[in-house]
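Next come the chains, spelled out residue by residue.
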Amino acid sequence: MSHAYLFSSESVTEGHPDKLADRISDAVLDAILAVDPNGRVACETLVTTGLVMVAGEISTSEYIDIPAVVRRTITEIGYTDANFGIDGDTCGVVTSIQEQSADIARGVDDALEHREGHSMDALDALGAGDQGMMFGYACRETDELMPRPIAMAHRFAKRLADVRKAGVVPYLRPDGKSQVTVAYEGTSAKRVDTVLISAQHREEVDVETLLAPDVRSEVIDPVLREFDLDAEDVRILVNPTGRFEIGGPKADTGLTGRKIIVDSYGGMAPHGGGCFSGKDPTKVDRSAAYMARYVAKNLVAAGAADRLQIQVAYAIGTAHPVSLAVDTFGTEKVDPGRLVDVVWDAFDFRPAAIIRDMDLRRPIYEDTAAYGHFGRKECP
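These numbers come from a predicted model, not from an experiment.

S.K.: Please explain a nonpolar patch on the surface as it appears in this structure.
M.R.: Taken together, L46, L51, M53 and V94 make up a surface patch of nonpolar side chains, about 270 Å² in accessible area. Looking at the secondary structure, you find V94 in strand β6 (residues 92-98). Judged by its relative accessible area of 38%, V94 falls in the partly exposed class.

Listed below in structure tokens is the structure:
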């Protein structure tokens, strides 16, 4: 008999302080890649009441006005009033930037395989920017081959931001969170049990008589219909504390990379620990995680398994991964012993090959900073 259980995943809007930090880091990355595709970027952001600090290691041939990028990003997200705790026009911006470590750069610029003369292949010349392991995952629970809890949580969070920006629910503010609980039997998603929405709002708004009905009709019901679900069968929670006036950086300090589970698979698959935002594609925390998802998605779409996870690991300064593992959770349609060989033969996990095949030296990253990095049709 299949084991029955509940599983939950969360998402947050682009106005959440951690996502504001992620967005700023990726906006700086995009600004550099737009003028210097070979720029090296490891950009970290901290946001708090009235203040943004951008720090990190950046090597680029061009000058970038980082404070201007920061202010533009904050304003675009919707923080335009100092009463929100931060606004793009008046906040303080502090930068502390240095070049990429020469010890790291030598391993990235000239990989171990190349230095030792084992290969003259140009794709073996670029080494991984760090050690570590990355995971890719795919399953048949949604059209985009993502787990249902995180896919739905992203949809709710995105719609919450969309109705705010469009003026459909004009009293909302930029911060917000969603959470979705799905009932499973074994590896099969059976029903949605609970939907939780926390939406920041203006002071005068009554949650019970105005916000809750508006969020239900304009945010929750449309997304449930998208997934062919009846709201009557789902437990709905909206702002369960009763108020959510104070939000954004005024309520919580935001940091780049603190929402890595939101960014990936909502906890349904492991995470290697390295965040994505603010990192150029020589950092395998980002590019190899993208590649692992790409491979997992293609194997599931091809019918090799209904649920599949890939782990890949690197040593800093080497081009080839040190390990690769595939898990199909008993859902395989082909011999699982052959899948690892198939992956090694069919897909190239060298950083230079990933960058080439996905065309990753472009300013495409700011849009990935909220609502998940995977399951997006606009991404390579």
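S.K.: Help me understand the pattern of salt bridges, please; the structure alone is not making it clear to me.
M.R.: Side-chain pairs of opposite charge can arise where the charged atoms are in close proximity. Considering all chains together, one arrives at 27 salt bridges under this definition. In this structure, D348 engages R350 in a salt bridge whose closest nitrogen and oxygen atoms are separated by 2.6 Å. Note on R350: relative accessible area 9%, which makes it buried. Two residues, E378 and R376, come together in a salt bridge whose shortest N-O distance is 3.1 Å.

S.K.: I tried to follow the sheet that holds strand β13 (residues 323-327) on my own but got confused; where do I start?
M.R.: Here three strands make up an open sheet; going across it, the order is β7-β12-β13 and the pairing antiparallel. Only two strands of the sheet have a single neighbouring strand rather than two, namely β7 (132-139) and β13. Taken pair by pair, the neighbouring strands of this sheet meet at an average axis angle of 15°, ignoring direction. As judged from the eight bridges shared by β7 and strand β12 (residues 307-314), these two strands associate in the antiparallel manner. Paired with G132 across the bridge in β12 is Y314. Packed onto the sheet, helix α9 (residues 336-346) meets β12 and β13 and runs at close to 130° relative to β13.

S.K.: Hey, could you run me through the environment of R350 in this one?
M.R.: Tracing the backbone shows R350 in the loop between α9 and α10 (351-358). Distance in space between the C-alpha atoms of R350 and D214 is 49 Å, their sequence separation being 136 residues. Setting aside anything within four residues of it in sequence, one finds R350 in contact with D121, L123, D124, A319 and H320. At a separation of 2.6 Å, a polar atom in the side chain of R350 contacts the side chain of D348.

Rules used in this analysis
- Residues numbered from 1 in each chain as written.
- Predicted model: local features only at pLDDT ≥ 70, side-chain atom pairs only at ≥ 80, totals over all residues.
- Heavy atoms only, no water.
- Patch = residues over 30% accessible without salt bridge, like charges linked within 9 Å, V, L, I, M, F, W, Y side chains within 5 Å.
- Areas by Shrake-Rupley, 256 points an atom, 1.4 Å probe, with all protein chains shown as cover.
- Salt bridge = Lys/Arg side-chain N within 4 Å of Asp/Glu carboxyl O.
- Helix = DSSP H or I, 4+ residues; strand = E, 2+ residues; numbered from the N terminus.
- Buried < 20%, exposed > 50% of the residue type's maximum accessible area, 1.4 Å probe, protein only.
- Pairing = 2+ DSSP bridges.
- Axes fitted to C-alpha atoms, helices over the stretch in contact; angles between N-to-C directions.
- Contact = heavy atoms within 4.5 Å.
- Polar contact = N/O pair within 3.5 Å; in protein donor to acceptor, adjacent residues only side chain to side chain.

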